[in-house]
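# Observations on chain architecture
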Amino acid sequence: MEFFGDLSILALAAMVLGVVVLFGAVTVVPQGYQYTVERFGRFTRLLQPGLAFIVPFFDRIGRKMNMMENVLDVPQQEVITRDNAMVSCDAVVFTQIIDPVPAAYEVNDLFRAITNLALTNIRTVVGSMDLDQVLSNRDDINARLLGVIDAATQPWGVKVTRIEIKDLTPPADITEAMARQMKAERLKRAEILQAEGEKQSAILKAEGQKQSQILQAEGRREAAFRDAEAREREAEAEAKATTMVSEAIAAGDIQAINYFLAQKYVVAFEKLASSDQQKTVIVPADFGGLVGAIEGVRALTDQAAKRGGGQTVARDGGPSGGGPFSTGRS
């Protein structure tokens, strides 16, 4: 009985030992990670994601390396620029382990080493630039930092994918001076734009006045041409009328002389009646002579029309006595 009891205890112990050995030999590596295997403290191989087996009691899991991209916050620090201005700056670094073996065994505390490397290089890069360059050339700073830090971390099996400056804060007095400078610059631009607008407005007004004067001059020239043409036509008509009257006088027709005298009489009487200083119109005593003159004009016109029609007009004796406006009666 005691023998069988001892066998049962040994079997149970063997079973427990088998379970322990089994769990120690099986390892599950999650996705995005790689494990190092050490035998008696020496690196032997890598375990890829999935189910893996190791030799119990001889092998053990060394370092569990995260192969995914990691983000490191670089703490804020005070940096003196080349022109002796104090600037507060911080950054963020994106890294990824490419070779887990050197990352695990070539450097102690990998992420702390990268953070301190970023801090020192930020001081170097920002300190070699003026304040205006630091505030306006962030892309240049990021590119220089990326090149330097990536080259320094290559022996560690780490790839620095990106590095970005998060914040650049100059001192309060410099910030106030920059605000005043920006305000002055904007006021300057506004004054320049206003001056340009006034200049363009003056140019357009001058162009408009020029065009207006040109059009007015063209209008005056056209009006003068029309006036000259009208005077020419009037002179032609006057010359034609004079020729007709001269022919009538040469033919012995006294009515032609009465025509001219009546025309002058009417013009003079019109000026006398339309004068601004004239309040009383004096009618000449020989007002009947005006009617006789008009009758003479009508007779002269009738005779000219008949003469133009080829008819012969018989005249009576000379005109009866009277003033220059008296007419003969048929």
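Keep in mind it's a predicted model, so treat the numbers as computed, not measured.

Attention shifts here to the confidence of the model for the chain. Averaged over every residue, the pLDDT of the chain is 80; residues scoring 70 or more account for 75%. Across residues 310-330 the pLDDT falls below 50, and counting only partners more than four positions away or on other chains, this stretch makes 26 contacts in the model.

A few words now on the pattern of salt bridges. With the rule as written, the count across this model stands at eleven salt bridges. Across the pair Lys159 and Asp150 runs a salt bridge whose closest N-O atoms are separated by 3.1 Å. One salt bridge in this structure joins Glu222 and Arg226, with 3.1 Å as the shortest N-O distance. In this pair, Glu222 and Arg226 are both assigned in helix H6 (residues 172-250), four residues apart and thus about one turn of the helix distant. Residue Glu222 is classed as partly exposed on the basis of its relative accessible area, which comes to 37%. What you see here is one network of salt bridges that share partners, running through Glu222, Arg226, Glu229 and Arg233.

Our focus in this paragraph is the nonpolar core. Among the nonpolar cores identified, the biggest contains 35 residues, and Val93, Leu110, Ile122 and Ile141 are the most heavily contacted of them. Broken down by secondary-structure element, the contributors of at least two residues to this core are strand E6 (70-80), strand E7 (86-97), helix H2 (100-105), helix H3 (110-127), helix H4 (131-136), helix H5 (138-153) and strand E8 (158-169). With nine residues, H3 is the single largest residue contributor to this core. Excluding residues within four positions of it along the chain, Val93 makes contact with Asn70, Val71, Leu72, Val74, Ile114, Ala118, Val160, Arg162 and Ile163.

Overall, antiparallel pairing links the three strands, which are arranged E6-E7-E8 in an open sheet. Each edge of the sheet is formed by a strand with only one pairing partner; in this case those strands are E6 and E8. Across the sheet, the axes of successive neighbouring strands diverge by a mean angle of 20°, strand direction being ignored. The pairing of E7 with E8 spans ten bridges and is antiparallel. Looking at E8, one finds that Phe94 is bridged to Arg162. Helix-sheet contacts for H3 involve E6, E7 and E8, and the interaxial angle to E6 is about 35°.

So, about the packing of aromatic side chains. Enumeration over the complete set of coordinates arrives at two aromatic pairs. Ring centres 5.8 Å apart and planes at 90° place the aromatic pair Phe40 and Phe58 in the edge-to-face group. You can see Phe40 sitting in the loop between strand E2 (33-39) and strand E3 (42-47) and its partner Phe58 sitting in the loop between strand E4 (50-53) and strand E5 (59-66), a full 18 residues away along the chain. Seen from their ring centres, Phe43 and Tyr105 are 5.8 Å apart, and the 55° between their planes marks the pair as tilted. Here the residue Phe43 occupies a position in strand E3, and Tyr105 occupies one in helix H2, the gap between them amounting to 62 residues. The partly exposed category is assigned to Phe43, whose relative accessible area is 29%. Take Tyr105: its relative accessible area is 34%, and that puts it in the partly exposed class. Its end group placed over the ring of Phe94, Arg162 keeps NZ or CZ at 4.4 Å from the ring centre.

For Phe40, which is not a glycine, the phi torsion comes out positive at approximately 55°. You can call Phe40 exposed: its relative accessible area is 65%. The phi dihedral of Asp109 falls on the positive side, at around 60°, and the residue is not glycine. Inspection of the secondary structure puts Asp109 in the loop between H2 and H3. Using a relative accessible area of 41% as the deciding quantity, one classes Asp109 as partly exposed.

Parameters and conventions
- Residues numbered from 1 in each chain as written.
- Predicted model: local features only at pLDDT ≥ 70, side-chain atom pairs only at ≥ 80, totals over all residues.
- Heavy atoms only, no water.
- pLDDT = per-residue confidence, 0-100.
- Contact = heavy atoms within 4.5 Å.
- Salt bridge = Lys/Arg side-chain N within 4 Å of Asp/Glu carboxyl O.
- Helix = DSSP H or I, 4+ residues; strand = E, 2+ residues; numbered from the N terminus.
- Buried < 20%, exposed > 50% of the residue type's maximum accessible area, 1.4 Å probe, protein only.
- Core = buried A, V, L, I, M, F, W, Y, C linked by side-chain atoms within 4.5 Å.
- Pairing = 2+ DSSP bridges.
- Axes fitted to C-alpha atoms, helices over the stretch in contact; angles between N-to-C directions.
- Phe/Tyr/Trp six-rings, centres within 6.5 Å; stacked < 30°, edge-to-face > 60°.
- Lys NZ or Arg CZ within 6 Å of the ring centre and 35° of its normal.

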